[in-house]
Each structure stands twice: as C-alpha cells, then as structure tokens.
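Inside the fold
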Amino acid sequence: MKKLLFLLLPIFAFSQTNFKKMDSIQFVQTVDQLVKDTGRNYQLVTNRSDDDVDNLKYENVQDKKDILLIKYGTYMDGENNDLEIKGVKKWRISSIYGKYLALFQLWKKYADPKADAEVLSEKMYKSINNFSMSRYDYDGHWRFSF
C-alpha cells in the first residue's frame with residue numbers, strides 16, 4: 001500500500017497544479033504537460049509574425065490547421081509599491097484555445113474525469129469549480145479556461 005501511495009504522489013501533486021501562481025520552471029513544465037495531455041503531436045511555433053506576445057502557439061505536425069493557443073500572463077506576486085517591495089515574478093495560464101477533442105482530454109483530466117465528449121459538445125458550455133469549457137466558434141474550436 002505504501003508503494004502505491006508513493007507512486008501516485010506525483011500524479012496527485014500535478015493534478016493539484018495552481019495554474020494561476022507558478023514560477024518560471026513550473027510554468028514551462030505545466031505548459032509541456034498540458035500539450036502532452038492533448039494526445040496530439042503539437043510543436044511550438046517560434047517564427048511568428050503576429051504581435052500577440054501573451055500566448056504560446058502550437059501547431060499539429062500532422063495537420064497544420066490544428067492550432068493550440070495557450071494564453072498566459074505574468075505578474076509580481078507580493079508587490080507593494082507603497083512599501084517599495086518588488087515582489088516575485090509569477091506566471092498564470094488563463095485559457096487554452098484549440099480543437100474540441102484536444103481540449104476535451106484536458107477537461108477530462110483536470111476538471112471532470114467522468115465527462116462524456118458528446119454530452120459536453122451538445123451543451124456548448126460547462127463550468128466546474130475553477131474550470132470552464134465553452135465553444136469558441138462553429139468550426140470545432142473551443143476554449144478551456146482556468
């Protein structure tokens with residue numbers, strides 16, 4: 001039993017990830033894990049010509065039209081200008097945009113393990129705890145928000 005708990009500890013620790021308060025290392029690890037959890041072969045697009053700097057754009061290697069967009073922001077945790085306290089830089093992920101079936105894998109892992117893909121797609125919106133999933137357009141794109 002102790003071995004089982006020891007093996008499950010990393011899974012439980014990650015499932016409790018706070019997507020709103022991460023250091024730079026946690027941010028990179030979390031983004032990598034989220035991309036892997038989609039079950040698709042996404043690759044980071046680094047040669048972008050757009051001006052939207054607060055997101056990471058991933059492209060499916062097998063289907064260039066399949067895009068995953070991770071919206072994030074940074075802030076100074078504990079900052080207090082009146083007391084001249086600089087704070088510590090933290091990262092937060094606010095939402096992920098992409099194809100429904102890719103995002104559904106994230107929804108199922110982080111929000112609702114018992115979710116049914118067909119039922120959620122028909123509802124077009126669902127919210128549980130701090131997570132929400134909603135249709136973004138009628139071309140199969142959705143938004144998963146934290």
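Look a little higher up for the structure.
Every value quoted in this text rests on a predicted model; they were computed, and no experiment measured them.

Conventions we followed
- Residues numbered from 1 in each chain as written.
- Predicted model: local features only at pLDDT ≥ 70, side-chain atom pairs only at ≥ 80, totals over all residues.
- Heavy atoms only, no water.
- Helix = DSSP H or I, 4+ residues; strand = E, 2+ residues; numbered from the N terminus.
- Buried < 20%, exposed > 50% of the residue type's maximum accessible area, 1.4 Å probe, protein only.
- Contact = heavy atoms within 4.5 Å.
- Areas by Shrake-Rupley, 256 points an atom, 1.4 Å probe, with all protein chains shown as cover.
- Expected span 1.5 Å × (residues − 1).
- Arc of directions from axis to C-beta.
- Polar contact = N/O pair within 3.5 Å; in protein donor to acceptor, adjacent residues only side chain to side chain.
- Pairing = 2+ DSSP bridges.
- Axes fitted to C-alpha atoms, helices over the stretch in contact; angles between N-to-C directions.
- Parallel < 35°, antiparallel > 145°, perpendicular 65-115°, else oblique.
- Nonpolar A, V, L, I, M, F, W, Y, C, P; charged D, E, K, R; others polar.

Remarks on the overall build of the protein chain
Of the regular secondary structure elements, the protein chain holds four helices and seven strands. Taken from the N to the C terminus, the helices and strands of the protein chain come in the order α-α-β-β-β-β-α-α-β-β-β. Evaluated residue by residue, the protein chain yields a buried proportion of 34% over its 146 residues. Contacts spanning at least 24 positions in sequence make up 44% of the contacts within the protein chain whose residues lie at least 6 apart. Put simply, the protein chain shows about 9,800 Å² of open surface, and 52% of that area lies on carbon and sulfur atoms.

Some points on unusual backbone geometry
With a phi angle near 55 degrees, Glu84 is a residue other than glycine that sits in the positive phi range. Within the secondary structure, Glu84 is located in the loop between strand S3 (67-77) and strand S4 (88-99).

Description of helix H2 (residues 24-37)
End to end, H2 covers 20 Å across 14 residues, agreeing with the expected 20 Å (1.5 Å per residue, within 8%). Within H2, the full set of buried residues consists of Phe27, Thr30, Val31, Leu34, Val35 and Asp37. Angularly, the buried residues of H2 cover 160 degrees about the axis, an arc narrow enough to put them on a single face. Facing away from the buried side of H2 by over 90 degrees, the exposed positions are Ile25 and Lys36. At the N-terminal boundary of H2, the capping side chain belongs to Asp23, with an oxygen 3.1 Å from the backbone nitrogen of Ile25. Just beyond H2, the residue with positive phi is Gly39, at close to 80 degrees.

Structural notes on the environment of Ala102
Residue position: Ala102 is located in helix H3 (residues 100-110). Linking Ala102 and Lys36, residues 66 residues apart in sequence, is a C-alpha distance of 10.0 Å. Contacts of Ala102, omitting those with residues within four sequence positions, involve Thr38, Arg40 and Tyr42.

Quick word on the sheet that holds S3
An order of S1-S2-S3-S4-S7-S6-S5 is seen for the seven strands of this open sheet, with the pairing classed as antiparallel. Each edge of the sheet is formed by a strand with only one pairing partner; in this case those strands are strand S1 (42-44) and strand S5 (125-128). If you compare each strand with its neighbour and ignore which way they point, the axes differ by 20 degrees on average. The pairing of strand S6 (residues 131-135) with strand S7 (residues 141-145) spans four bridges and is classified as antiparallel. The residue bridging Arg135 from the neighbouring strand is Trp142, located in S7.

Here's the deal with the packing of H2 against H3
Relative orientation of the contacting elements H2 and H3 amounts to 115 degrees, with a least axis distance of 8 Å. Between H2 and H3, the crossing angle belongs to the class labelled roughly perpendicular. Contacts between H2 and H3 involve Gln33, Leu34 and Asp37 from the first element and Gln105, Leu106, Lys109 and Tyr110 from the second. Considered class by class, the residues forming the contact of H2 with H3 number three nonpolar, two polar and two charged.

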